[in-house]
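Residues per chain are reported as follows:
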Amino acid sequence: MDIKRAAVIGAGVMGSGIAAHIANAGIPVVLLDIVPKGAEDRSVVARTAIQKMLKTDPAPFMHPKNARLITPGNLEDDLGLLADVDWIVEAIVENPTVKADLYKRIDPVRKAGSVVSSNTSTIPLAHLTEGQSEAFKRDFLITHFFNPPRYMRLLELVTSEATRPDAAAAIADFCDRALGKGVVRCKDTPGFIANRIGTLWIQAAINAAVDLGLTVEEADAVGGRPMGIPKTGVFGLVDLVGLDLMPHIAKSMLATLPPDDAYRATFREHPVITRMIAEGYTGRKGKGGFYRMNKADGKRVKEAIDLKTGQYRPSDKPRLDSVQAAGKDLRALAEFPDKTGRFARTVLAQTLAYAASLVPEIADDIVSVDEAMRLGYAWKYGPFELIDRLGTDWFAELCRGEGIPVPALVEQAAGRPFYRVEGGRLQHLTTAGDYADVVRPDGVLLLADVKRASKPVFKNGSAAIWDIGDGVLCFEFTSKMNALDDQIMAAYGKAMGLIGDGKGQWKALVIHNEADNFSVGANLGLAMFAINIALWPQIEEMVDAGQRTYRALKYAPFPVVAAPSGMALGGGCEILLHSDHVQAHAETYMGLVEVGVGLIPGWGGCTEMLARHAANPKLPRGPMPPVAQAFETISLAKVAKSAAEAKDLLYLRASDGITMNRDRLLADAKAKALELAASYTLPEKPAYVLPGPGGRAALEQFLHGFRLQGKATPHDMVVCSALAEILTGGDADHTEPVGEDHLLGLERKAFMELIRTPGSIDRIEHMLTTGKPLRN
């Protein structure tokens, strides 16, 4: 079955967020909620939720226009709308009686064969279907989204013996391909996978911090990135999700977990937290939480709670000997002889032993558990991957030392890792004690799997080239933060040499990597080093080499397809502008942000944006409108907050593709590269009609107005004047079109002039030091 229309019942934070994300997939969705007593607008709850989401940051919608796909309604007048939908998601209050009553109301009016799912995270499926019709039971399952639905990739899918396999398969496929979710099949057990483990982890970490006398900052410094956990750590995470949710989750878990479950022994109420909740200190959504921002002497100061006294004090960033000494060695962190090492041992032992003890109770295999924790809690490593980092034998001894029963799976491993690579294939240890291949969903191609099974065709210090099959090469950035440097430019040259005319062994190039961010742009550290010793010829060569390389890729005799995800900024954005096609992950954040460091796009970004705006049929005719639009986008360093928004800004073309599931991005890009290679033709070189000095004067007058309003700083004027010189064509005459060479020359000239100015040097230095732009 195909999901062509959907409905969500419950317009709270989760329900409305789910509706927004279904709309992000281009699917019309009905959003229903109750009729408030005395309301003139009987659908005001759903309608208000939609309007609120349009103002929310981070945005639930990938593009504001997606809100038009949601039809607001109410449960008294609009149940008839359910007759036209293929999937109904229930996201109302966690009360089995209320849910059961709703199901009996929707069952008679829904379309035959439509799927109904609950977003519950606490109520077993068997309880939800008690007393419902047999047809309803066949069409019912649980789809547990994580908040916020647009950004959290995990979807836990729970079925019963009665659930139609084709219904479960249809929802799993839709959530995977259309919503971009990592769909994990779970058993019908309390908390499913992620919350079952995550709840104990949070409780164990809070207990250990209190018992060992750690500050919240110390606990988060150890229990964050060093353990492969997001930098928020445990206390920062609880602030994010809300302290007031903790008692509700605990109550639900204690009501449903088996009598001998380890969570029962771990659960403990802490008076300081109880008082915080009572006084409204519920986290970021309240007056603050374990951390808060407070005003002191007219300045906003970050404060942290003292876990002993319950009083706030100025927050600090601890420099811990354990973290410094351990580096990336998790075992060294856990063995460190101080209270922070003890904290790591305690939390790792309790959490990982609990996770290992729950397979196969909560899932059939360890892969599902690791996937759930990575996607649902943003852990870098799942529990079994963490045990492998420690060593299974060492972890068994840790459990014995902590007085924790060694889980059967760990005993069964008997020193073997939970994961291994055999014959180039990733394998996992099964509950039977043997190894099985980790199976990817159909249509998924991961570069990580390619790398396990082969050696690079070429590699240097900042890039690698991989053969991904069928005559397609994949170009991977490997530098820190995927910052662009001379070695990456050299590797591009190597890739072009390998492919040649595209008629030999290889015929297309895909530019892709699986890091958090595609590329944050040029290596500013190298640039600053060159500035400090006045290596101006080398800097100019770097600019020239970037221009030559990007143009060579643009006019190569074979297709170049870029497949970005995460941030693609500055030079990272420019390579996308020069590609024949971009297959972007939906969560790609693109922008030409060079003005923030006192520079202009120097690798053809200005030139390419001018060409795109000049070809835009929506703009008025004449030389000035394209210049004005490109000037606005670049001078304001506009960054698209989604691939859909990137199309509005013309960073992406209408013909470029968007992939919702990041795991499918490389396969989609490869398929497009092969499609283009079948009948590839070179792009035509554009001719630019530019306004010249008159246009520049108009832009500078506009800038002067901004300066008078206080919206532009003195150095903004310098940088944007240089940008205006490029975009208007310097001394160009609008009666005589110019080519790319003319504009690229202006880019180089402006870049080299700006990088020598004290204002730009200050901006570069400030960005490297603080990570934030300087307003000088």
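Structural data are supplied above this passage.
Just so you know, these numbers come straight off a predicted model, no measurement behind them.

Draft legend 1. Up close: the overall build of the chain. Scanning the chain from N- to C-terminus turns up 32 helices and 23 strands. The C-alpha atoms of the chain give 28 Å as radius of gyration, which agrees with the globular expectation for 776 residues (28 Å, within 12%). By principal-axis analysis of the C-alpha atoms, the chain measures approximately 80 × 65 × 65 Å. Counting only residues that meet the buried cut, the chain has 54% of its 776 residues in that class. Nonlocal contacts in the chain, meaning residues at least 24 apart in sequence, comprise 69% of its contacts between residues at least 6 apart. When the accessible surface of the chain is summed, it comes to about 33,100 Å², and 54% of that surface belongs to carbon and sulfur atoms. Looking at charge distribution, the chain has the averaged site of its 87 positive side-chain charges lying 2 Å from that of its 93 negative ones.

Draft legend 2. A look at helix H21 (residues 486–499). Here H21 is 14 residues long and its end C-alpha atoms lie 20 Å apart, about the 20 Å a rise of 1.5 Å per residue gives. Regarding H21, the residues found buried are Ile 488, Met 489, Ala 491, Tyr 492, Ala 495, Met 496 and Ile 499. Down the axis, H21 shows its buried residues gathered within 160° of arc, on one side only. Of the exposed residues in H21, those oriented more than 90 degrees away from the buried face are Asp 486 and Gly 497. Looking at the buried positions of H21, the neighbouring elements they touch are strand S15 (458–459), strand S16 (463–467), strand S17 (472–477), strand S18 (508–512), helix H23 (536–554) and helix H24 (571–577). Measuring from the side-chain oxygen of the N-cap residue of H21 to the backbone nitrogen of Gln 487 gives 3.1 Å; that N-cap residue is Asp 485. The first or second residue beyond H21 is Gly 500, which carries a positive phi of 60°.

Draft legend 3. A look at the packing of aromatic side chains. Tallied over the full model, the rule gives 17 aromatic pairs. A ring pair is formed by Phe 475 and Phe 477, whose centres lie 5.9 Å apart and whose planes are at 75°; its orientation type is edge-to-face. As far as the burial class goes, Phe 475 and Phe 477 line up, both buried. Within the aromatic cluster, the residues linked to one another by ring pairs are Phe 475, Phe 477, Tyr 492, Phe 518, Tyr 550 and Trp 603. Cation over ring: Lys 685 sits above Tyr 555, and NZ or CZ is 5.1 Å from the ring centre.

Draft legend 4. Region of interest: the nonpolar core. Within the largest apolar cluster, 106 residues are counted, with the highest numbers of intra-cluster contacts made by Phe 290, Phe 384 and Phe 418. Considering each element in turn, this core owes the most residues, ten residues, to helix H15 (residues 339–357). Core analysis: the next-biggest nonpolar cluster, separate from the first, contains 82 residues, Val 582, Met 590, Ala 722 and Leu 727 among them.

Draft legend 5. Up close: the environment of Asp 716. If you trace the backbone, Asp 716 turns up in helix H30 (residues 714–727). C-alpha separation for the pair Asp 716 and His 613, spaced 103 residues apart in sequence, amounts to 23 Å. A polar contact of 2.9 Å, which involves the side chain of Asp 716, links it to the backbone nitrogen of Thr 713. At a separation of 2.7 Å, a polar atom in the side chain of Asp 716 contacts the side chain of Arg 763.

Draft legend 6. Geometry of the sheet that holds strand S11 (residues 312–314). Taken together, the three strands give an open sheet; going across it, the order is S9-S10-S11, and neighbouring strands pair in antiparallel fashion. Among the strands making up the open sheet, the edge pair consists of strand S9 (291–296) and S11. For this sheet, the mean angle separating the axes of adjacent strands, direction not counted, is 50°. Judged from the three bridges that link them, strand S10 (residues 299–305) and S11 form a sheet pairing that is antiparallel. Paired with Ile 305 across the bridge in S11 is Tyr 312.

Draft legend 7. Highlighting the environment of Met 276. Its location among the elements puts Met 276 in helix H12 (residues 271–278). With relative accessibility at 5%, the residue Met 276 sits in the buried group. Placed 74 residues apart in sequence, Met 276 and Ile 202 show a C-alpha to C-alpha distance of 17 Å. Each residue touching Met 276, except ones within four places of it in the same chain, is listed here: Leu 243, Tyr 281, Gly 289, Phe 290, Ile 305 and Tyr 312.

Each value, and the rule that gives it
Residues numbered from 1 in each chain as written. Predicted model: local features only at pLDDT ≥ 70, side-chain atom pairs only at ≥ 80, totals over all residues. Heavy atoms only, no water. Helix = DSSP H or I, 4+ residues; strand = E, 2+ residues; numbered from the N terminus. Rg over C-alpha atoms; globule rule 2.2 N^0.38 Å. Buried < 20%, exposed > 50% of the residue type's maximum accessible area, 1.4 Å probe, protein only. Contact = heavy atoms within 4.5 Å. Areas by Shrake-Rupley, 256 points an atom, 1.4 Å probe, with all protein chains shown as cover. Lys, Arg positive; Asp, Glu negative; His and termini not counted. Charge placed at Lys NZ, Arg CZ, Asp CG, Glu CD. Expected span 1.5 Å × (residues − 1). Arc of directions from axis to C-beta. Polar contact = N/O pair within 3.5 Å; in protein donor to acceptor, adjacent residues only side chain to side chain. Phe/Tyr/Trp six-rings, centres within 6.5 Å; stacked < 30°, edge-to-face > 60°. Lys NZ or Arg CZ within 6 Å of the ring centre and 35° of its normal. Core = buried A, V, L, I, M, F, W, Y, C linked by side-chain atoms within 4.5 Å. Pairing = 2+ DSSP bridges. Axes fitted to C-alpha atoms, helices over the stretch in contact; angles between N-to-C directions.

Geometric descriptors of this kind do not, in isolation, establish any biological role.
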